[in-house]
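# Fold and contact review
Next come the chains, spelled out residue by residue.
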Amino acid sequence: MIGIASLVGFVSTIPLANWLIGNVGTTCVPNGPCIIPVGFGLMAPSGVLMVGLALVLRDVVQRTLGLGWSLAGVICGAVFSWFVAPPALALASGAAFLFSELADTAVYTPLARRRLIPAVIASSVVGTAIDSTLFLWLAFGSVSLLPGMVLGKVWMVAAATLVLWLTRRRLDAATAR
């Protein structure tokens, strides 16, 4: 049950993030993203709220259902994005998620065998750096919002990791089956 719920959540965060970028923010830049403040005077595309959560959900999907399902989730999320975002944004998002998924897997998989929470944190840091840089460059041709995007994802990863830590016994029980 946890695996399926995490997969649905993960797949949903991708098109939702893309929709937010084009529709919700304190400022919407013409031919650019809608942005929000994330702290310390930094701004980020509003989709950052969902992407930080997506990084943690992706790890839960991999832990409970396997790598194949997390890769399928990236593809499904990218396909759904075509219905809510301009094609260039959906393509940039799909490519960024795919490359960050591969890097995340290289970090998460060996660490998760020993300790779940450090694995989630380490893989999220790697995924954040790759996803943010690649997405901003492909979608907008600039990485000027990179500091804000990374900070926004850090906030969301921290919140999602706290929830994961509080519910890790249920997750461990689900993966033991």
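The shown structure was predicted, so the numbers you read here are calculated from the model rather than taken from an experiment.

Rules of the game
- Residues numbered from 1 in each chain as written.
- Predicted model: local features only at pLDDT ≥ 70, side-chain atom pairs only at ≥ 80, totals over all residues.
- Heavy atoms only, no water.
- Patch = residues over 30% accessible without salt bridge, like charges linked within 9 Å, V, L, I, M, F, W, Y side chains within 5 Å.
- Areas by Shrake-Rupley, 256 points an atom, 1.4 Å probe, with all protein chains shown as cover.
- Salt bridge = Lys/Arg side-chain N within 4 Å of Asp/Glu carboxyl O.
- Helix = DSSP H or I, 4+ residues; strand = E, 2+ residues; numbered from the N terminus.
- 1 Å grid on protein atoms, 1.4 Å probe; cavity = no way out; pocket = protein on both sides within 12 Å on 5 of 7 lines; lining within 4 Å.
- Points joined across faces, edges and corners; volume = space filled by probe spheres on them.
- Nonpolar A, V, L, I, M, F, W, Y, C, P; charged D, E, K, R; others polar.
- Pairing = 2+ DSSP bridges.
- Contact = heavy atoms within 4.5 Å.
- Axes fitted to C-alpha atoms, helices over the stretch in contact; angles between N-to-C directions.
- Parallel < 35°, antiparallel > 145°, perpendicular 65-115°, else oblique.
- Left-handed = near helix turned anticlockwise from the far one by under 90°.

### Considerations on a nonpolar patch on the surface
Side chains of Leu16, Trp19, Val24, Ile75, Val79, Phe80, Trp82, Phe83, Val84 and Leu91 sit close together on the surface and give an oily, nonpolar patch of about 990 Å² of accessible area. Those elements that provide at least two residues to the nonpolar patch are helix 1 (2-23) and helix 3 (67-81). Residue position: Leu16 is located in helix 1.

### Here's the deal with the layout of surface pockets
By volume, the largest pocket is sized at about 220 Å³. Lining of the largest pocket is provided by 12 residues; of these, Leu57, Val60, Val163, Leu164 and Thr167 occupy positions nearest its centre. Within the residue set of the lining of the largest pocket, elements represented by two or more residues are helix 1, helix 2 (48-65), helix 6 (146-166) and helix 7 (168-176). For the lining of the largest pocket, the element with the most residues is helix 2, which contributes 4 residues. A breakdown of the residues in the lining of the largest pocket according to their chemical character gives 9 nonpolar, 2 polar and 1 charged. What lines the second largest pocket is simply Ile121, Ser124, Val125, Thr128, Ala129, Val150, Val154, Val157, Ala158 and Thr161. Sorting the residues of the lining of the second largest pocket by element identifies helix 5 (116-140) and helix 6 as the ones contributing at least two each. Of the residues in the lining of the second largest pocket, the class split is 7 nonpolar, 3 polar and no charged.

### A look at the sheet that holds strand 3 (residues 42-45)
With antiparallel pairing, 3 strands are arranged side by side in an open sheet as 1-2-3. Each end of this open sheet is capped by a strand with a single partner; those strands are strand 1 (27-28) and strand 3. As judged from the 4 bridges shared by strand 2 (residues 34-39) and strand 3, these two strands associate in the antiparallel manner. Across the sheet, Gly39 pairs through a bridge with Leu42, a residue of strand 3. Across the face of the sheet, helix 6 comes into contact with strand 2 and strand 3 while running at roughly 80° to strand 3.

### Looking at the packing of helix 1 against helix 2
Viewed as axis vectors pointing N to C, helix 1 and helix 2 meet at an angle of 155°, and their least axial separation amounts to 8 Å. Overall, the two elements helix 1 and helix 2 adopt an arrangement that is roughly antiparallel. Crossing hand, helix 1 versus helix 2: left-handed. For the pair formed by helix 1 and helix 2, the contact residues are Ile2, Gly3, Ile4, Ser6, Leu7, Gly9, Phe10, Thr13, Leu16, Ala17 and Leu20 on the first element and Met50, Val51, Leu53, Ala54, Leu57, Arg58, Val60, Val61, Thr64 and Leu65 on the second. Across the contact of helix 1 with helix 2, the residue classes tally to 15 nonpolar, 5 polar and 1 charged.

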